[in-house]
Amino acid sequence: MSSPKTLLSTLLRNPTTIRTKSQAKQLHAHILTTKGTCSTHLSVLLSVYSNLNLLHELLLVFNTIHSPPALAWKSLIKCYTFHGFFHKSLASFIEMRAAGEHPDRHVFPSVLKSCTLMMDLKLGESLHACIIRLGMDFDLYTGNALMNMYSKFQSLGESGTLSGAPKVLDGMPEERGKGEGENVVVTVRELSGRIVTGELVDQGRMLCFDEKSKRQMGGGEGLNNYKNNSNSNQSSVRKIFDMMPKKDLVSWNTVIAGNAQNGMYEDALTIVREMGNDNMKPDSFTLSSVLPIFAEYVDVIKGKEIHGYAIRHGLDADLFVGSSLIDMYAKCTCVEDSCRLFNLLPWHDGISWNSIIAGCVQNGLFDEGLRFFRQMLKAKIKPMHVSFSSIMPACAHLTTLHLGKQLHGYIIRCGFDDNVFIASSLVDMYAKCGNIRIARWIFDKMELHDMVSWTAMIMGYALHGHAHDAISLFEQMEMEGVKPNDVAFVAVLTACSHAGLVDEAWKYFNSMTEDFGIAPGLEHYAAVADLLSRAGRLDEAFKFISDMHIGPTGSVWSTLLSACRVQKNVELAEKVAERIFRVDPENMGAYILLSNIYSAARRWKDVEKLRIFMRNKGMKKKPACSWIEVKNKVHAFVSGDKSHPYYDRINEALEVLLEQMEREGYVPNTKEVLHDVEEEQKKNLLCRHSERLAIAFGIISTPAGTTIRVTKNIRVCMDCHTATKFISKIVGREIIVRDNSRFHHFKDGKCSCGDYW
DNA sequence: ATAGGGTTAG
């Protein structure tokens, strides 16, 4: 056991051996008792506190030192940056220089990080100038920090100025609370202004800088080369990288991440390949920069190669790599792999939870997404912005208004309701849950609207058949200078389609290509094809689809096929069906539609042929499903479903209704649908379609006058559409049915779609 | 000094 005195001198010589707060405090006590307030020893203590990120303890000591030496300043600055007090960090840097202390390689990474997180490009450039003048630009750590800074400014779209600073302050209640933040900013600005002029005129050093990098820099304008155009930041990064005399793995990873995050995927991948020549092996940082590229490319083969590399190098349990892998598999539609991976991770953080939730929801696994969300809450992981905007579409698709409202409440309590992503997802959710007024209310409360929020609202109106609201909103958006993208055009075309506005649709369709240079995609074609078909302009629709410059999918043709059914145009139907089977031989819906069309035309032989063909192919119909929310509980039904506890009462209600409906003139449209069962059974089957079970349940389980809201996973059937009109009149209720493409509001025997079914 | 997740879509 060594004496306290030798222990102290050992510790002072090796301050990094101190790993805990109590050890640090012991050292503190030793110094005070044996060395008094000698600033050299106290500075060592400060570096210990700084390494342990103990800002409070550090400040207590720092404030007792009369003229702090460089080591003390460096410790203070590093600790301020770590705790997010970027203004204080920079202000201390200025103070340090004013006190005549020389900054060195240990301080620049911290101040550069502060600039980066404050999004202050100007200040960062001044610092760069200062670094060059001090000859520190060849330092490894400083160079890495510089590259990181320029990469980040690029991905922020260079919007970074001090105006962005209050955002950074959001996470720092103490500083904001004291109202000091802004004063410090001003100080930093004034002082930094001085630095800028002071440093930039120092051309001698600039020239040296220029000569070293003449190849890439061209002209000799020193720092200006770092900021002239939008791509320049990334090339600045590359220049710094190429000039660095010594590079480590962090340097490689920084330049790779910079390229990846700025969309320069091929460059990023090239640099990964180059790493090997420098004896650098990709690590978890490298992989989690590269994986999002393959997610974006939807290249699961390459993604799996990375996964294999991760496993071979023991990196697959890393949370960052794991989250990226989950995301990559999900974006490649291999969401089962995402789930498997998620379960294999040794533990989960907020990001990995978000990845799996988003992965499920994006792949249509809404229940699974909700399950993961609940598990996350149970695991005491606090949801973040991203968690809410990922899960909200699940509520929107499932029409679970009560859940959506609960989440909305949660969002408000978290203070997230001003987030654009979340607000847009709320607008969408309320619209899809049938509450277009609240959707609009949230939309109007938003401070600024981006493309997505406009589109969500326009689409909401379109789904509800409020074409004129949709169109006027679209025009308002254009007037406010927001350039519509392809999705916005999908929304406005859908609005036209649901209201039969053929001329308007053509106007938008042409304007999209001519004025906005957006090539029509499948959805645009589908909307126009849908419009022409529903408007009964079948030949026009056929020609339009045939002339598409991308191969039409089965779903584009399908609307025309159902229109053929409505118009009883068997000849065209056969032509259309043939086109569908050519591109999509497994399209079950098309076989059924065609079979129904044959039935209506009494072409029983063709019906039979189709039926045998389908049976031989082993095709099974995806079950149609409808659901309704009653007293915050979702009740789901499939056709002929007897499993519901109230089935008997539902059945009874349907019988009574049917009797009344028939008295009012309803004739079940059995001849189009079924062929090989008895007439009475036909009627029964038809009248037990899932949406009717749901509607009947709604009628018997809610008080008179309550609006009934039913959702169906596929298009509501023609006979049910007719029947629901009768039902709405008989029970005197408003019935709202949302199917896979739109809302039908039934009231007083009429439907909002004007039978534009 | 470096890394991962988000909203709209017939």
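Residues numbered from 1 in each chain as written. Chains lettered and ligands numbered in written order. Predicted model: local features only at pLDDT ≥ 70, side-chain atom pairs only at ≥ 80, totals over all residues. Heavy atoms only, no water.

## Considering the overall build of chain A
Selection rule: Helix and strand assignments come from DSSP, with helices taken as H or I runs of at least 4 residues and strands as E runs of at least 2, each series counted from the N terminus. Whether a residue is buried, partly exposed or exposed follows from its accessible area with a 1.4 Å probe, protein chains only, as a fraction of its type maximum: under 20%, in between, or over 50%, in that order. For this analysis, residues touch if any pair of their heavy atoms sits within 4.5 Å. To be clear on the numbers: accessible area is Shrake-Rupley with a 1.4 Å probe, and residue cover counts the displayed protein chains and nothing else.
Each helix and strand counted, chain A has 41 helices and six strands in total. By the burial criterion, 52% of the 757 residues in chain A qualify as buried. Contacts spanning at least 24 positions in sequence make up 64% of the contacts within chain A whose residues lie at least 6 apart. A total accessible area of about 36,100 Å² is found for chain A, and carbon and sulfur atoms account for 54% of it.

## Side note on helix α2 (residues 21-35)
Here is the rule we go by: To estimate the expected span of a helix, subtract one from its residue number and multiply by 1.5 Å. Our arc is simply the arc of the directions from the helix axis toward the C-beta atoms.
Along its 15 residues, α2 runs 20 Å from first to last C-alpha, staying within 8% of the 21 Å computed at 1.5 Å per residue. Of all the positions in α2, only A24, L27, H28 and I31 are classed as buried. Looking straight down α2, one finds its buried side chains confined to an arc of 105°; they lie on one side.

## Some details on the packing of helix α26 (residues 420-432) against helix α28 (residues 451-463)
Rules: Axes, fitted as lines to C-alpha atoms, cover a helix only where it is in contact. Angles between the N-to-C directions of the axes lie from 0 to 180 degrees. In what follows, roughly perpendicular refers to angles from 65 to 115 degrees, roughly parallel to angles under 35, roughly antiparallel to angles over 145, and oblique to any angle outside these ranges. Three classes are used, and their members are as follows: Ala, Val, Leu, Ile, Met, Phe, Trp, Tyr, Cys and Pro are nonpolar, Asp, Glu, Lys and Arg are charged, and the others, Gly among them, are polar.
As a packed pair, α26 and α28 sit with axes 8 Å apart at the nearest point and diverge in direction by 5°. Taken together, the axes of α26 and α28 are roughly parallel relative to one another. Mapping the contact onto sequence places S424, V427, D428, A431 and K432 in α26 and V452, S453, A456, M457, G460 and L463 in α28. Of the residues assigned to the contact of α26 with α28, the class counts are six nonpolar, three polar and two charged.

## Brief notes about the pairing of strand β4 (residues 735-738)
Operational definition: Only when DSSP finds a minimum of two bridges between them are two strands counted as paired. Handedness of a crossover: with both strands directed away from the viewer, a clockwise path from the first strand across the helix to the second marks it as right-handed.
A two-sided burial pattern is seen for β4, the buried positions comprising I735 and V737 on one face and I736 and R738 on the other. As paired elements, strand β3 (residues 708-712) and β4 share four bridges and run parallel to each other. Counted as the bridge partner of I708 is I735 from β4. With respect to chirality, the unit in which β3 leads through helix α41 (residues 718-731) into the neighbouring parallel β4 is right-handed. Taken together, the four bridges between β4 and strand β5 (residues 743-747) define a ladder with antiparallel strand orientation. Its bridge partner lying in β5, I735 is registered against F746. The antiparallel pairing of β4 with β5 creates a hairpin that spans four residues between the two strands.

## Observations regarding the pattern of salt bridges
Put simply, the rule is: Put simply, a salt bridge is a Lys or Arg side-chain nitrogen that is within 4 Å of an Asp or Glu carboxyl oxygen.
Under the criterion given, the structure shown has 25 salt bridges. A salt bridge links R603 to D606, with the shortest nitrogen-to-oxygen separation between them at 2.9 Å. Three or more residues joined by partner-sharing salt bridges are found here, namely E574, R603, D606 and K609.

## Here we look at the packing of aromatic side chains
How two aromatic rings sit relative to each other is set out by the distance from centre to centre and by the angle between their planes. As a reminder of what qualifies: In this scheme Phe, Tyr and Trp rings, the latter by its six-membered ring, pair at centre separations within 6.5 Å, and the angle between planes marks the pair as stacked below 30 degrees, edge-to-face above 60, and tilted otherwise. Both a distance and an angle decide whether a charge sits over a ring: NZ of Lys or CZ of Arg must be within 6 Å of the ring centre and within 35 degrees of the ring normal.
Across all of its chains, the model carries 26 aromatic pairs by this definition. Plain terms: the ring middles of W506 and F509 are 6.0 Å apart, the flat faces sit at 85° to each other, and that makes the pair edge-to-face. In this pair, W506 and F509 both sit in helix α31 (residues 502-516), three residues apart, roughly one turn of the helix. With a centroid separation of 5.6 Å and an interplanar angle of 75°, the aromatic rings of W506 and F544 are classed as edge-to-face. Of this pair, W506 sits in helix α31 while F544 is found in helix α33 (residues 538-546), placing the two residues 38 residues apart along the sequence. What makes W506 partly exposed here is its relative accessible area of 27%. The ring centre of F241 lies 5.1 Å from the NZ or CZ of K247, which sits over that ring.

## Observations concerning the protein's contact with DNA strand B
Rule in force here: A single heavy atom is enough: if one lies within 4 Å of a molecule or strand, its residue is considered near that molecule or strand. We define a polar contact as two N or O atoms separated by no more than 3.5 Å, with the added condition that, inside protein, one atom must be a possible hydrogen donor and the other a possible acceptor, whereas residues neighbouring each other in sequence contribute only through side-chain atom pairs.
Neighbouring DNA strand B are 50 residues; K152, N354, M384, K432 and N740 lie closest to it. Counted by atom, the contact set of DNA strand B within 4 Å of the protein is 46% sugar and phosphate. Between DNA strand B and D248, the relevant distance is 2.9 Å, taken from a base nitrogen to a side-chain nitrogen or oxygen of the residue. In the environment of DNA strand B, a base nitrogen lies 2.7 Å from a nitrogen or oxygen atom belonging to the backbone of N740.

## So, the sheet that holds strand β6 (residues 750-751)
Read across the sheet, six strands follow the order β2-β1-β3-β4-β5-β6 without closing on themselves; strand pairing throughout is mixed. Looking at the sheet topology across the chains shown, the edges are occupied by β2 (633-638) and β6.

## Quick notes on the pairing of β3
For a regular strand, the rule is simple: side chains alternate between the two faces of the sheet. Counting buried residues in β3 gives four out of five residues, a clear majority hidden from the surface. Sheet analysis places strand β1 (residues 625-630) next to β3, joined by three bridges and oriented antiparallel. Each residue of the ladder has a partner; that of I628, found in β3, is V710.

## Notes on the UniProt feature "repeat: PPR" (unreviewed entry) in chain A
Quick reminder of the rule: UniProt positions are given in the numbering used here, feature names are shortened, and annotations may be inferred rather than shown by experiment.
Per the UniProt annotation, the sites labelled "repeat: PPR" (unreviewed entry) are residues 248-282, 349-383, 450-484 and 485-520. Between the end C-alpha atoms of residues 450-484 the distance is 10 Å, and the span holds 74% helix and 0% strand.

## Focus: the nonpolar core
Definition in use: Throughout, nonpolar core names a set of buried Ala, Val, Leu, Ile, Met, Phe, Trp, Tyr and Cys residues whose side chains join them through atoms within 4.5 Å.
Grouped together as the largest cluster of nonpolar side chains are 186 residues, with contacts concentrated most on F108, I356, M429, L560, L561 and V576. One finds L657, A694, I708 and A723 within the second-largest nonpolar core, a separate group that totals 26 residues.

## A look at helix α18 (residues 284-297)
A rise of 1.5 Å per residue sets the reference length of α18, with its 14 residues, at 20 Å; its end C-alpha atoms lie 20 Å apart and thus fit the reference within 8%. Among the 14 residues in α18, ten count as buried, and that is most of the element. With a side-chain oxygen lying 3.1 Å from the backbone nitrogen of F285, the N-terminal cap of α18 falls on D283. Just past α18, the residue V298 takes up positive phi, approximately 50°.

## Notes on unusual backbone geometry
Of note, the phi angle at K568 is positive, near 55°, even though the residue is not glycine. In this structure, K568 sits in the loop between α34 (554-567) and α35 (570-583).

## Describing the confidence of the model for chain A
Where we set the bar: pLDDT expresses, on a scale from 0 to 100, how confident the predictor is about each individual residue.
Of the residues in chain A, 88% have a pLDDT of 70 or more, and the chain-wide mean is 85. Confidence drops under pLDDT 50 across residues 158-230; counting only partners more than four residues distant or on other chains, this segment forms 104 contacts.

## Points about the side chain of S324
Its location among the elements puts S324 in helix α20 (residues 319-331). If we ignore the near neighbours within four places in the chain, the residues touching S324 are S288 and L291.

## Here we look at the state of the cysteines
Test applied: By convention in this document, the label disulfide applies to cysteine sulfur atom pairs within 2.5 Å.
Within the structure shown, the criterion is met by zero disulfides. Considering cysteine sulfurs only, C360 is the nearest to C339, which forms no disulfide, with 4.3 Å between them. A relative accessible area of 18% means that C339 is categorised as buried.

## Looking at the packing of α18 against helix α19 (residues 300-312)
Filter applied, for reference: Two helices that cross are described as forming a left-handed crossing if the nearer one is turned anticlockwise from the farther one by less than a right angle, and a right-handed crossing if clockwise.
Their axes nearest at 9 Å, the elements α18 and α19 cross at an angle of 160°. Between α18 and α19, the angle is such that the two are roughly antiparallel. Taken as a pair, α18 and α19 cross one another with a handedness that is left-handed. Facing L287, V290, L291 and F294 of α18, the residues of α19 in contact are K302, G303, I306, Y309 and A310. Split by residue class, the contact of α18 with α19 holds seven nonpolar, one polar and one charged.

## Details of the environment of T400
Along the polypeptide, T400 turns up in the loop between α24 (385-398) and α25 (401-414). When residues no more than four places from it in sequence are discounted, the contact partners of T400 are C395, C433, E629 and V634.

## What to know about the environment of E655
Within the secondary structure layout, E655 lies in helix α38 (residues 647-663). With 32 residues separating them along the chain, E655 and C687 place their C-alpha atoms 8.9 Å apart. For E655, the residues in contact, after removing those within four places along its chain, are N684 and R688.

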